Amino acid sequence: MSPFRAAATAVSAESSALDAEIASVVCSLCDRYGIDSGRVYVTEMGGFRGGLGNAIPIPVPFRRIYLVRYHRCIREADPLALRGLFAHELMHVLQYSRARYSDLSRFIVRYGAFSATAALKTSFYFDWVRQLEHLTDLMAVKFGEGESIAAWKRFKADATTRGIIRDSWDHLYLRDAEIDSLAADEVNLGLRIGRCVAVLRAKDSLRPFASETS
Ligand SMILES: [Zn+2]
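Criteria and cut-off values
Residues numbered from 1 in each chain as written. Predicted model: local features only at pLDDT ≥ 70, side-chain atom pairs only at ≥ 80, totals over all residues. Helix = DSSP H or I, 4+ residues; strand = E, 2+ residues; numbered from the N terminus. Buried ≥ 20, exposed ≤ 12 C-beta atoms within 10 Å, placed from the backbone. Contact = placed C-beta atoms within 7 Å. Core = buried A, V, L, I, M, F, W, Y, C linked by C-beta atoms within 7 Å. Axes fitted to C-alpha atoms, helices over the stretch in contact; angles between N-to-C directions. Parallel < 35°, antiparallel > 145°, perpendicular 65-115°, else oblique. Left-handed = near helix turned anticlockwise from the far one by under 90°. Nonpolar A, V, L, I, M, F, W, Y, C, P; charged D, E, K, R; others polar. pLDDT = per-residue confidence, 0-100. Pairing = 2+ DSSP bridges.

Draft legend 1. Fine view of the overall build of the protein chain. Summing up its helical and strand segments, the protein chain has seven helices and four strands in all. Tracing the protein chain from N to C terminus, the helices and strands come up as β-α-α-β-β-β-α-α-α-α-α. Burial statistics for the protein chain: of 214 residues in total, 35% are counted as buried. Taking contacts inside the protein chain between residues at least 6 apart in sequence as the whole, the part at least 24 apart equals 64%.

Draft legend 2. Summary view of the nonpolar core. Residues Val26, Val40, Val42, Phe86, Leu90 and Val93 are the most contacted members of the largest nonpolar core, which totals 50 residues. At the level of elements, helix H2 (17-33), strand E2 (40-45), strand E4 (63-71), helix H3 (79-98), helix H5 (126-161), helix H6 (176-183) and helix H7 (186-203) are the ones that each hand at least two residues to this core.

Draft legend 3. Region of the structure containing the packing of H3 against H5. Viewed as axis vectors pointing N to C, H3 and H5 meet at an angle of 140°, and their least axial separation amounts to 7 Å. Classified by the angle their axes make, H3 and H5 are oblique. Where H3 crosses over H5, the handedness of that crossing is left-handed. Of H5, the residues touching H3 (which contributes Leu80, Ala81, Arg83, Gly84, Leu85, Ala87, His88, Met91 and His92) are Thr136, Asp137, Met139, Ala140, Glu145, Glu147, Ser148, Ile149, Ala151, Trp152 and Phe155. Counted by class, the contact of H3 with H5 contains eleven nonpolar, five polar and four charged residues.

Draft legend 4. Structural view of the confidence of the model for the protein chain. When the pLDDT values of the protein chain are averaged, the result is 85; 86% of them are 70 or greater. Averaged over each element, pLDDT in the protein chain is lowest for helix H1 (residues 6-9) (78) and highest for H6 (96).

Draft legend 5. Region of interest: the pairing of strand E3 (residues 53-60). Here E3 runs beside E4; their pairing, made up of eight bridges, is antiparallel. What sits directly across from Ile56, in E4, is Leu67. Between E3 and E4, which pair antiparallel one after the other, the connecting turn spans two residues, and Phe62 there sits at a positive phi close to 65°.

Below you can see the structure in the form of structure tokens.
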């Protein structure tokens, strides 16, 4: 399937039911996060060893666009879990949209090095990626997506149990019970966000994290 542009598909009568549902969810989350949905392209990916989705910045001349990919098994997900997947991936898009070009190249190098060595027990940039993945979930929860993020994690755990994806990477991500508890505790949520930002800032000064605690 070729990538479809979320903003265009949401209003197209020719799109498939799933494309239209995804486009509608993506546009609604973009509105909530303050992202230009006209820059977000969505596509299905084939077999994937790691997770159920990812988000990639594509710096085209004078215009930055974002590719959000999802595993085909999300066709089986309920609407809440589907929303949770895109809530997480679009939070990455928000981080990319706040980044300078030099920051983006660091994102790409670090995730690339992490993925290339992910089969090893000690992957390059593991701690950096782990903190950023935690922050990504926590920021989505702060935007009111606690229920959907937790539903997506339960769907992911089930997909792992059924062998649809190889590994749910529990050592990298927050679990559904942690999300449920943080969504109900604004003070603790703020503290956890602050801690993630402090760790990420101690490693470097990427601009996307400059305002997360304000
Ligand atoms: Zn992520």
